[in-house]
Amino acid sequence: MSDTFVPTKTDPGAAEAARTDDAWWRDAVVYQIYPRSFADGDGDGMGDFAGITSKVPYLSRLGVDAVWISPFYVSPQRDAGYDVADYVDVDPRFGTLADVDAFIAVAHAAGIRVIVDLVPNHSSSAHPWFQAALASAPGSRERARYMFRRGSGPDASLPPNNWHSVFGGPAWEPVGDGDWYLHLFDPSQPDFDWSDPEVAEMFDDVLRFWLDRGVDGFRVDVAHSLVKAEGLPDNTVMRDIQGAGGDRGPMWDQDGVHEIYRHWRRLLDEYTPPRILVAEAWVHPADRMARYVRADEMHQAFNFPYMLSGWSGQALRETIDESLAANHAVDATTTWVQSNHDVVRHATRFGQADPTRWVNGIGPDDPQPDQELGLRRARAIALLTLALPGSAYIYQGEELGLPDHTTLPADVRQDPTFIRTGGAEIGRDGCRVPLPWRADAPAFGFNETGASWLPQPAVFGELAADVQEDDPASTLSLYRAALRLRHERGLGRAALEWNESPAAVLDADLGDVRMIVNTGSEPVALPSDARVLLASVPDAVAEGRLAGDAAVWLDLRG
Ligand code: NOJ
């Protein structure tokens, strides 16, 4: 696993070449920055743009092609910024518009593209439009921009239908005059009514505002929910955002959403170099999801089925085949993602007693995961994720092998899911903990003051970036080496050809690299002439065999 670092993005020639490749997104490695928790420049305990900009050299050295930044707009932060009160200004917690401009300039100079988050399904209840709606009468123009409906029952005292919020409880809130408003998420996140032309016009302006500032694309929040079924019928499916098996429910994946994305695509296509749209759409099965990335719609959609496949060779392979086929049918590339700010980090998921089990957060009263095993498997799946054809997403800190904080006390939790379900759902705080940059510093180097909006677990000290920096066996070194090789060998653009293997093993040729991942616990034989380019852990290969829960990239070059 020795790796001599070769800069890929710090050399201005390489940066320029990266910027002029029009199809850059088809195999891009995109790094998700969750601004609250990435790096804190002003020491108030919450990350900010000063912090983000200071880490561009780190991102450059890691070798990513782009960053996606979760919302940093003006917001009361009831859902960590996914409740936007002003779409065209920066929340003072994170900095100013000038700070964003400065960041974009520094990132671009390093050859790193910038994707920002767009939250079009709902605003914050603090948005001036919603405040105006509350101050206006039922049936008014001001209310037409949101989903206000009269309550049911003789005195309108019951919700208009039976829909539930994704965060728990009913999806309707009464406003005291017989009207109720829809909120698929928190009551502080009223849903827009996308049949109102003013809503569409406002979002055109928002897109242009950020495109004109130089952003390279948008990650579109809950892209499958903007249009609801005509007449808002009762939900007979009763599934939430992760509803599977094509059971869509009247609030998800309605055909009308595609018109919105066709319109946005035309708007984006006015810009050069090309800008992209990435769908966050929890839609099943794969061919339904592929509808979002048809040639005249978005460019990419997060591959959540891959994330949900657990540590299972067979499930992973089935998902890989299905996603490649569905996206190939519409000439889109596939994305590969294992973690983000909404799910338990995969280094923790894979350390559970059942690594295929899906949980919404882990708390102090739950069985605690095996961190060592989880990290071992997380390193192995990195060599799968970063080898597959298409684009890969890395969630901040996964390159350090970070686990979730699984013992956060109830009184520090901030996720509305935890609060709205009375703790029945632990929620997402555990994966959102501020990053450790320096082992021997306050808040592990998240800032200089030691303040941190969520406490960090002790293990973050061992996993801090500075501890891993010069250790060739570290997870950080593994990611750097994998990204360098991916770039050099054209992984991401190579066709995948499976080799015959036992069910627990994923074995494929990708151009002149052979990738073998062993999800079983027993070693498997490697080809006798195997030349190892990269191994997921130092003990991955012994006596011609690949150990359990490990992966390798082999050199097929003659
Ligand atoms: C998906 C986002 O990723 C999540 O964090 C948020 O809570 C919901 N959408 C609502 O905006």
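Notes on the structure in this doc start here. (Residues numbered from 1 in each chain as written. Predicted model: local features only at pLDDT ≥ 70, side-chain atom pairs only at ≥ 80, totals over all residues. Heavy atoms only, no water.)

**Looking at the pattern of salt bridges**
Quick note on the threshold: The salt bridge criterion pairs a side-chain nitrogen of Lys or Arg with a carboxyl oxygen of Asp or Glu, the two atoms within 4 Å. Numbered from the N terminus, helices here are DSSP runs of H or I no shorter than four residues, and strands are runs of E no shorter than two. Note on exposure labels: buried denotes an accessible area under 20% of the residue type's maximum, exposed denotes more than 50%, and partly exposed covers the range between, all computed with a 1.4 Å probe on protein chains only.
Tallied over the entire structure, the rule returns 41 salt bridges. Across the salt bridge formed by Asp 331 and Arg 26, the nearest N and O atoms sit 3.7 Å from each other. Of this pair, Asp 331 sits in the loop between helix 11 (313–328) and strand 12 (335–337) while Arg 26 sits in the loop between helix 1 (12–19) and strand 1 (29–33); the two residues are 305 residues apart in sequence, bridging distant segments of the chain. Judged by relative accessible area, which is 57%, Asp 331 ranks as exposed. Of the residues examined, Arg 26 reaches a relative accessible area of 25% and is grouped as partly exposed. One salt bridge connects Asp 91 with Arg 93, and the closest N-O pair in it is separated by 2.9 Å. For Arg 93, a relative accessible area of 32% gives the class partly exposed. A single network of salt bridges, built from pairs that share partners, joins Asp 79, Asp 342, Asp 415, Arg 428 and Arg 432.

**Here's the deal with the pairing of strand 1**
Just so we agree on the cut-off: If DSSP finds at least two bridges between two strands, the strands pair.
Of all 5 residues that make up strand 1, 5 are buried, and the element is covered over most of its length. Every second residue of strand 1 is oriented toward a common face, with Val 29, Tyr 31 and Ile 33 on one face and Val 30 and Gln 32 on the other, all of them buried. Looking at chain direction, strand 1 and strand 13 (residues 391–395) are connected through 4 bridges and run parallel. Paired with Gln 32 across the bridge in strand 13 is Tyr 395. By the bridge criterion, 4 bridges tie strand 1 to strand 2 (residues 66–69) in an arrangement that is parallel. Counterpart to Val 30 in the pairing with strand 2 is Ala 66.

**Some words on the pairing of strand 16 (residues 513–518)**
Strand 16 sits mainly inside the fold: 6 of its 6 residues count as buried. Side-chain alternation along strand 16 places Val 513, Met 515 and Val 517 on one buried face and Arg 514, Ile 516 and Asn 518 on a second face that is also buried. By the bridge criterion, 6 bridges tie strand 15 (residues 505–510) to strand 16 in an arrangement that is antiparallel. When the sheet's bridge partners are listed, Asp 507 is paired in strand 16 with Ile 516. Sheet topology note: the strand 16/strand 21 (residues 550–555) ladder contains 6 bridges and is antiparallel. From the neighbouring strand, Met 515 faces strand 21, where its bridge partner is Trp 553.

Just distances and angles here, no functional claims.
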